[in-house]
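Single-letter residue listing:
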Amino acid sequence: MPLDTSSYSLALLRLDGRRWNELRRIHAQISTQAAVDGSSYLEMGNTKIICTVTGPAEGRRVGGGGSGGEATIQVEISVAGFSGVDRKKSGRGDRRIFELSYTIEQAVQTTLHTQNYSGSTISINLHVLTQDGSLLAALINAATLALIDAGVPMSDYLCACTAGSTTNTASSKGAPRPQAALPGLSSLDEEADDPLLDLNGLEEQELPFLTVGTLGASEKVVVCIMETRVQATRLEEMLAVGVDGCKRVRSIMDSVVRDHGKRMVDEG
Amino acid sequence: MAPPSFAIPGQTLAASSKYSPGPGTHLISSQITSSLLGPSDSKKNTITPKSTPILSIQRPSNSPPQPSVNTQVYARITRLERLQARCDIVVVSDIVAPLPLRGILRSQDVRATEKDKVKLPECFVVGDIIRAVIVGLGDQQGYYLSTAGNEFGVVMAWSEAGNGCVPVSWKEVRDSVTGVKELRKVAKPI
């Protein structure tokens, strides 16, 4: 029987039945592959990521330009052709993928103690199996778990999540409402322009959102990426909701890491 | 306050006034913080005994044993080439490796004497188990092994007929069923 979603809008629930500040289910595993130094599998809702980390290992220098006493971090993202709704050939030089990997590279560089491994390379391989929103956040979280498994020293966890905003500013100015196609959202914006936590793929297409990544329990923002337009006044509460979401993501990842650590100690 | 027995990255362990930061830790505003996942360990500072004990985080030892030079290993021959034999290292200093490590046995490392007269097919056959010693860490291709010395060489061999063999001399083994002799660089039984 299909789920009756007609009352969702009355109860201010989202399309998938969550409240505005609820995360999707996060499931994570560490050490999934034996052949690499560190690996992880992460699900955030229907976004599923496999991450493998090799290194720190002797790197093959490309071009000879040394980065002077720090380890190089290589991030490679491969998006499976079947991961989205419509099948896409993954272009090698996709700018979006390049930007994702660059963002992860920069973020990871700030948290890892790369100065201990000068001249070596840490390569992070990320495979996107299915994507349903919060792609960058899921990639960052998966990379963090795999790096913990690989035993690369880091200052703290890097965890990320997305936050969006149901703006009704567009409708108040008489502009066409982009959310009108989604009944659950269109009724929401009559109430107020609420911030939303952890957007799924459908919401991401319709609403402005940002991805925020924080370092550990502190509220230190390491990553903040927004690709859509939003009114500047909305930004502050979106960021606040995002940072709060990161804390909850962190507590989930924390329990996963602790479980794994216990198992490691018991076995070895 | 005693530091926690088990630490995760970013976890505050102790104040730097009571301990000194060791491997696997870092300092954040005079607090020793873990940078690895693993059990914590405090040791006395042996260099300056009067200072605070060193607090460190060790990775649990279920990570594969890393061979070093002069480590004795057991390996299975996987391929014979003209000048070198490739093999999979399966046991590193009496610990079974969870994943075989690649090794290379060059013909000049097979025996200590008459190095240039070594013919690899007269010393090994693919599938033989050898006892060897690591002589170099090598590169991406694998560890360099050596069987120079009496106690190194083939320890388990199978004849062309597929039967197990027993050593009869330092360079010959005999099929335990058919009695046919084959050439090997045999390890001295210990």
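Keep in mind it's a predicted model, so treat the numbers as computed, not measured. (Residues numbered from 1 in each chain as written. Chains lettered and ligands numbered in written order. Predicted model: local features only at pLDDT ≥ 70, side-chain atom pairs only at ≥ 80, totals over all residues. Heavy atoms only, no water.)

Enquirer: Kindly report on unusual backbone geometry, identifying the contributing residues and their values.
Expert: Residues and elements named next belong to chain A. Positive phi outside glycine occurs at serine 31, with the angle close to 60 degrees. In this fold, serine 31 is placed in the loop between β1 (26–30) and β2 (38–44). Assessed through its relative accessible area of 39%, serine 31 is described here as partly exposed. (Helix = DSSP H or I, 4+ residues; strand = E, 2+ residues; numbered from the N terminus. Buried < 20%, exposed > 50% of the residue type's maximum accessible area, 1.4 Å probe, protein only.)

Enquirer: Before we move on, can you summarise the interface of chain A and chain B with the specific residues and values?
Expert: Taken together, the contact pairs 23 residues of chain A with 18 residues of chain B. Overall, the association of chain A and chain B removes approximately 1,600 Å² of surface from exposure, summing both partners, and the carbon and sulfur fraction of that is 65%. Taken together, the links from chain A to chain B amount to 0 salt bridges. The interface formed by chain A and chain B contains 1 residue pair in polar contact (both at pLDDT 80 or more). Listing elements by their share of the side of chain A that touches chain B, those giving two or more residues are α2 (135–150) and α6 (232–267) of chain A. Looking at which element gives the most residues to the side of chain A that touches chain B, the answer is α6 of chain A, with 8 residues. (Contact = heavy atoms within 4.5 Å. Buried area = accessible area lost by both parts, 1.4 Å probe. Salt bridge = Lys/Arg side-chain N within 4 Å of Asp/Glu carboxyl O. Polar contact = N/O pair within 3.5 Å; in protein donor to acceptor, adjacent residues only side chain to side chain.)

Enquirer: I'd like a rundown of α2 of chain A, residues and numbers included.
Expert: All names here are of chain A. Relative to the 22 Å expected for 16 residues at 1.5 Å per residue, α2 spans 22 Å between its end C-alpha atoms, a close match to the ideal helical length. Of all 16 residues in α2, 16 are buried; the element is thus mostly enclosed. Following α2 by one or two positions, glycine 151 adopts a phi angle in the positive range, close to 75 degrees. (Expected span 1.5 Å × (residues − 1).)

Enquirer: Which residues make up the side chain of serine 35 of chain B, and what values do they have?
Expert: With respect to the element layout, serine 35 of chain B can be found in the loop between β5 (31–34) and β6 (38–43). By relative accessible area, which is 2% here, serine 35 of chain B ends up buried. Among residues more than four places away in sequence, those in contact with serine 35 of chain B are His113, Val152, Pro153 and Met154 of chain A together with Pro9, Gly24, Thr25 and His26 of chain B.

Enquirer: Describe the sheet that holds strand β3 (residues 20–21) of chain B, naming the residues involved and giving the relevant values.
Expert: Residue and element names in this part refer to chain B. Pairing is mixed in the open sheet, where 4 strands are placed in the order β1-β6-β7-β3. The sheet is open, and its two borders are formed by β1 (6–7) and β3, each paired with just one other strand. By the bridge criterion, 4 bridges tie β6 to strand β7 (residues 54–57) in an arrangement that is antiparallel. Its bridge partner being in β7, serine 40 is matched across the sheet by isoleucine 57. (Pairing = 2+ DSSP bridges.)

Enquirer: Break down the confidence of the model for chain B for me, citing the residues and quoting the values.
Expert: For residues with low pLDDT, the predicted coordinates do not support detailed interpretation. Residues at a pLDDT of 70 or more form 96% of chain B, whose mean pLDDT is 88. Interface scoring of the predicted complex returns ipTM 0.74; its pTM is 0.74. (pLDDT = per-residue confidence, 0-100.)

Enquirer: Outline the domain arrangement of chain B, listing residues and values.
Expert: Structurally, chain B comprises domain 1 (6–57) and domain 2 (72–183). The gap between the C-alpha centroids of domain 1 of chain B and domain 2 of chain B is 45 Å. (Domains from an automatic or database assignment.)

Enquirer: Just give me the short version of a nonpolar patch on the surface, but keep the residues and values in it.
Expert: Together, Val155, Met156 and Trp158 of chain B make up a nonpolar patch on the protein surface, roughly 260 Å² of accessible area in all. Accessibility expressed as a relative area gives 33% for valine 155 of chain B, which makes it partly exposed. (Patch = residues over 30% accessible without salt bridge, like charges linked within 9 Å, V, L, I, M, F, W, Y side chains within 5 Å. Areas by Shrake-Rupley, 256 points an atom, 1.4 Å probe, with all protein chains shown as cover.)

Enquirer: Outline the packing of α2 of chain A against α6 of chain A, supporting the account with residue identities and numerical values.
Expert: Residue and element names in this part refer to chain A. Orientation of α2 relative to α6, taken along the N-to-C sense of each, is 25 degrees, at an axis distance of 11 Å. In terms of their interaxial angle, α2 and α6 are classed as roughly parallel. Where α2 crosses over α6, the two elements pack in a sense that is right-handed. Contacts from Asn141, Thr144, Leu145, Ile148 and Asp149 in α2 reach Val249, Met253, Val257 and His260 in α6. (Axes fitted to C-alpha atoms, helices over the stretch in contact; angles between N-to-C directions. Parallel < 35°, antiparallel > 145°, perpendicular 65-115°, else oblique. Left-handed = near helix turned anticlockwise from the far one by under 90°.)

Enquirer: Tell me what's going on with the environment of serine 6 of chain A, and back it up with residues and numbers.
Expert: All names here are of chain A. Along the chain, the position of serine 6 falls in the segment before β1. With relative accessibility at 52%, the residue serine 6 sits in the exposed group. Counting along the chain gives 206 residues from serine 6 to valine 212, while the straight-line C-alpha distance between them is 32 Å.

Enquirer: Explain the pairing of strand β8 (residues 209–215) of chain A to me, and be specific about the residues and the numbers.
Expert: Every other side chain in a regular strand lies on the same face of the sheet, so the side chains alternate between the two faces. All names here are of chain A. Judged by how many residues are buried, β8 sits mostly within the fold: 7 of 7 residues are covered. For strand β6 (residues 158–165) and β8, the ladder comprises 7 bridges, and the chain directions are antiparallel. Of the residues in β8, the one forming a bridge with threonine 162 is threonine 211. Two strands pair when backbone bridges link them, and β8 and strand β9 (residues 220–226) are joined in this way by 6 bridges, in the antiparallel orientation. Within β9, the position partnered with threonine 211 by the bridge is isoleucine 225. Between β8 and the antiparallel strand that follows it, β9, lie 4 residues; glycine 216 among them carries a positive phi value of about 60 degrees.

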